Amino acid sequence: MKEEALLAQILTPQRPFGPASIDDRVERKVAIALFDDNNELERLMRRVRPVFLLGRRGSGKTAFLKTRLNGALAVDVSSPTILAAMSNTISELQRYGVTRFAEETALLWDAALTSACCARLWSGHVGIDVNTIDAWHQDALVFGYLERSPEYTNYATENAARLLRAIREAILSSPDPASLPSLIEEVSLNGVPLWRAREVLRSLVVNHRVRMVVSIDSLESYDSMLYSDGPLLTAEGAALQGLFRIAGEIGREPNPVFEVRVSFPAEVWYHYSKLSLNPLKDFDNCMLLHWNAGELYSLLATRLLKHLRLYHPTEYRRLDIRGSRWAPAVLSRYLPAYVTNAFGGKERPLTYMMRHTQLLPRHALTVFNHVFGGEEELHPQSITPKKVRDGVHSAERIIAQEIIDAYGLVYPQLDEVCQRTIPRLELSFTYSQFAEAYHERSSSRDIQYQDALEMLLEVGAIGAEATTTSMYQKADFEYLHVTRMLVGPTDTLCLHPLFAAKYRSVNYRNPDNSPHLPVLPLGSDFESQDGFARILHLTR
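Residues numbered from 1 in each chain as written. Predicted model: local features only at pLDDT ≥ 70, side-chain atom pairs only at ≥ 80, totals over all residues. Heavy atoms only, no water.

### Considerations on helix α5 (residues 79-94)
For α5, spanning 16 residues, the distance from its first C-alpha to its last is 22 Å, which sits close to the expected 22 Å at 1.5 Å a residue. The complete set of buried residues in α5 reads S79, I82, L83, A85, M86, S87, T89, I90 and L93. Here the buried face of α5 lies against β2 (73-77), α6 (102-122), α8 (155-172), β5 (212-216) and α11 (235-252). (Helix = DSSP H or I, 4+ residues; strand = E, 2+ residues; numbered from the N terminus. Expected span 1.5 Å × (residues − 1). Buried < 20%, exposed > 50% of the residue type's maximum accessible area, 1.4 Å probe, protein only. Contact = heavy atoms within 4.5 Å.)

Given below as structure tokens:
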């Protein structure tokens, strides 16, 4: 399918910016067609090839995994399926005193991922002419053979799970399960032992100059691995521990048979990373997906250009996309000059829309789809101020709820704390005023107010005032940084616009009597860029 026909299916008049999220069900060609590579993250991905890709829900982890392969052959492994198979294997073996250490579970992961790569080669479309593969090298394909229809797409994951079942059976029937490494290497699929498949796979990859990247996406919801004080080493926890170990080891190899790339939600990373026994070693190649407003405007404008080319070709030909400020110029072209906010102040529409996000692509796409969606004609200032306000109002509820859901595993009491506290707070407040609002309806069973404040800081519901202008209270939020935000009794705190609106803070309930300026999170204003350091972090 040509790109234009493909885009017509996903960039619609109702959703001119396309889907706000890309998941495992979205085809790789769709993700590639939508991807905007005009950002520092893309350039860094090309240069560094990180093993662990961290980001909050909606930061673009799946899009990067699906598209940024730099010419490599993609080996997609379904994380729920492979983790369930690995956990079941570990649970069964632990009953017999096997796989007690991370090194042992790492061996299981290495075997499983090797079998996934063999299956991916066997499934075809890899750029290798099978007629050029001699009989010896065919063993790698035989090891990965599955009796499936040509339409089946989950070869890699299923073959990995099948090998784990074979390893479990071999170990449980062995008189000496203690010799785990040699036993694993002798396990066969389709009559080919793992050691031979591994040897042949390396030779095949070198001879045909094939680079393979195993992608494990969406490691998100594993409730049984958390308790109130951190991760609990269940079989699922041991599975992650082994994955951390083997992914880190492969990432340090100069010429690995295959690379591994694992995406992980930043919301739970702090807790799950404690599973690692050697984090400085396991996680020495991590990249955190942080965006600034300029990059988000580029992403949005790139998608809007594709939409205009499809549905408004005459308008598309009128655009000037030269210069460093082309993206905000394209987006602003269809918006009104100003929008009147809930407190009677006038704002530039782009700033108004972006400050109702936490600088994540999914948030921005949600807001802009709600504002631009349903417009039959797009011409200069065709979108009214009311449409901007209504679109933001609809989108902010969705975004705030998604943030709460993303942290639900770590902070199940988050929504309750917000409901109890935020309606009693103004847009800006002191440390003691927060404590007073929290204690007003607390009981002896509730968490301490300091813990509640740390939680609200972490999710970005509360930030610290940085400076004040004639139009805004500018505030710093923890999601802009890679470390925890520390506040004290002398700090002035602020509510994020998303949470102030959702939970109806004092100012939102009585806007006419509000003496406070609206809150502008740092980084949301393209005009100022706010002078903070590049919000990008790489651990090397």
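### As for helix α3 (residues 40-48)
The complete set of buried residues in α3 reads L41, E42, L44, M45 and V48. Along the axis of α3, the buried residues cluster in a sector spanning 165°; they form a single face. Once α3 finishes, R49 follows within two positions and takes phi at roughly 55°, a positive value. (Arc of directions from axis to C-beta.)

### What about the pattern of salt bridges?
Side chains that carry opposite charge are capable of pairing whenever their charged atoms lie near each other. Across all of its chains, the model carries 15 salt bridges by this definition. As a salt-bridge pair, D110 and R198 come within 2.8 Å of each other at their nearest N and O atoms. Of the two residues, D110 sits in helix α6 while R198 sits in helix α10 (residues 194-207), which places them 88 residues apart along the sequence. Residue D110 is classed as buried on the basis of its relative accessible area, which comes to 18%. Accessibility expressed as a relative area gives 21% for R198, which makes it partly exposed. Of the charged contacts in the structure, one is a salt bridge between E375 and K387, with a shortest N-O distance of 3.0 Å. One end of the pair, E375, is in the loop between α18 (361-372) and α19 (385-406); the other, K387, is in helix α19, with twelve residues separating them in the sequence. In this structure K387 comes out as partly exposed when scored by relative accessible area, which is 22%. (Salt bridge = Lys/Arg side-chain N within 4 Å of Asp/Glu carboxyl O.)

Taken by themselves, the reported measurements are silent on function.
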